[in-house]
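Here is how the chains run, residue by residue.
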Amino acid sequence: MPAMTHTAPDHGSPQKLCPGQKVCLGHIVGPHGVRGLVTIRPYTQEARDIVAYGPLDTGAGRRLSLVLKGVKKTGLIAAIDGVDSREAAQALKGEALFVDQAVLPALPADEWYHGDLMGLVAHGSGGENLGAVVAVQNFGAGDLLEIQPRAGESFYVPLTRQAVPEIDLENGRLTVADVEGLRDDAHGPQAKAKKSRP
């Protein structure tokens, strides 16, 4: 089961897919310089692909047209039509950038956009309800599903064929295999990595 493509966790997305659902392709980190440029952290496999799908929408419903101006260690440098001052760029800090999923490339049968998985109910191999997928994380060692039980803390499951042998989008569920120590391991280093992120 290969890693998923194109997005990080899709903040604020509907729990299930629906016509017109949007996918988060990145977010604005903050201003770059004094002339209205911004730094963008892309979530696409190829960083520059963030501008390949036309104007992007913010969570507030504003449509932004981006022109790439450069690359730096923390992301891409871009100009936004109508944003020509540092103050205007600063006002966009933290905004997520969305595109309609319908314009994105179709994926192979064993790959998914992150938004596809949000809200799926995770079941154990015996049918027990383990909770719902609330996020997809990646701390450098591959994609992890964050699952929130009805009670207690969330835990992580690696998105591999061994750990997640079945994903059924049509019925809104997935199966987590009985991998020895999986739940305990998922509360360990990966959870600490999440807490240590800025």
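A brief structural summary.

The rules we used
Residues numbered from 1 in each chain as written. Predicted model: local features only at pLDDT ≥ 70, side-chain atom pairs only at ≥ 80, totals over all residues. Heavy atoms only, no water. Helix = DSSP H or I, 4+ residues; strand = E, 2+ residues; numbered from the N terminus. Buried < 20%, exposed > 50% of the residue type's maximum accessible area, 1.4 Å probe, protein only. Contact = heavy atoms within 4.5 Å. Areas by Shrake-Rupley, 256 points an atom, 1.4 Å probe, with all protein chains shown as cover. Core = buried A, V, L, I, M, F, W, Y, C linked by side-chain atoms within 4.5 Å. Pairing = 2+ DSSP bridges. Axes fitted to C-alpha atoms, helices over the stretch in contact; angles between N-to-C directions.

In terms of helices and strands, the protein carries 4 helices and 13 strands. Expressed as a percentage of the 198 residues in the protein, the buried residues total 44%. Looking at the protein alone, contacts between residues at least 24 apart form 56% of all its contacts between residues at least 6 apart. Accessible surface, the protein as shown: approximately 10500 Å² in total, 50% of it carbon and sulfur.

Another point: the environment of Gly-30. Secondary-structure assignment places Gly-30 in strand E1 (residues 22–32). On the basis of relative accessible area, Gly-30 is assigned to the buried category, the value being 7%. Distance in space between the C-alpha atoms of Gly-30 and Gly-94 is 7.0 Å, their sequence separation being 64 residues.

What follows concerns the nonpolar core. Membership of the largest hydrophobic core comes to 19 residues, with the highest contact counts inside it found for Ile-28, Ile-40, Ile-80 and Leu-97. Counting only elements with at least two residues in this core, the list comes to E1, strand E2 (37–42), strand E6 (75–80) and strand E7 (96–100). In contact with Ile-28, other than residues within four places in its own chain, are Val-38, Thr-39, Ile-40, Leu-64, Ile-80, Leu-92, Lys-93, Gly-94, Glu-95 and Leu-97. Residues Trp-112, Leu-117, Leu-159 and Val-176 belong to the second largest nonpolar core, which totals 17 residues.

Of all 6 residues making up strand E10 (residues 143–148), 5 are buried, and the element is well covered by its neighbours. Examined bridge by bridge, strand E9 (residues 129–138) and E10 share 6 bridges and lie antiparallel to one another. Along E10, the bridge assignment pairs Val-136 with Leu-145. Linking two consecutive strands that pair antiparallel, namely E9 and E10, is a turn of 4 residues; a positive phi of about 115 degrees is found at Gly-140 within it. What sits between E10 and strand E11 (residues 155–158) in their antiparallel hairpin is a turn of 6 residues, with Gly-152 showing a positive phi close to 95 degrees.

Strand order in the open sheet formed by 6 strands is E11-E10-E9-E8-E13-E12, and the pairing between neighbours is mixed. What marks the edges here is a single partner per strand, and that holds for E11 and strand E12 (166–168). Pairwise comparison of adjacent strand axes, ignoring direction, gives a mean angle of 35 degrees for this sheet.

Further remarks concern the side chain of Thr-58. Topologically, Thr-58 is positioned in strand E3 (residues 56–58). Classification of Thr-58 as buried rests on a relative accessible area of 5%. With near-sequence residues (within four places) excluded, Thr-58 lies in contact with Leu-64, Glu-95, Ala-96, Leu-97 and Phe-98.

It is worth spelling out the sheet that holds E3 at this point. Strand order in the open sheet formed by 7 strands is E4-E3-E7-E1-E2-E6-E5, and the pairing between neighbours is antiparallel. Looking at the sheet topology across the chains shown, the edges are occupied by strand E4 (63–64) and strand E5 (66–72). Across 5 bridges, E1 lies against E7 in antiparallel orientation. Looking at E7, one finds that His-27 is bridged to Ala-96.

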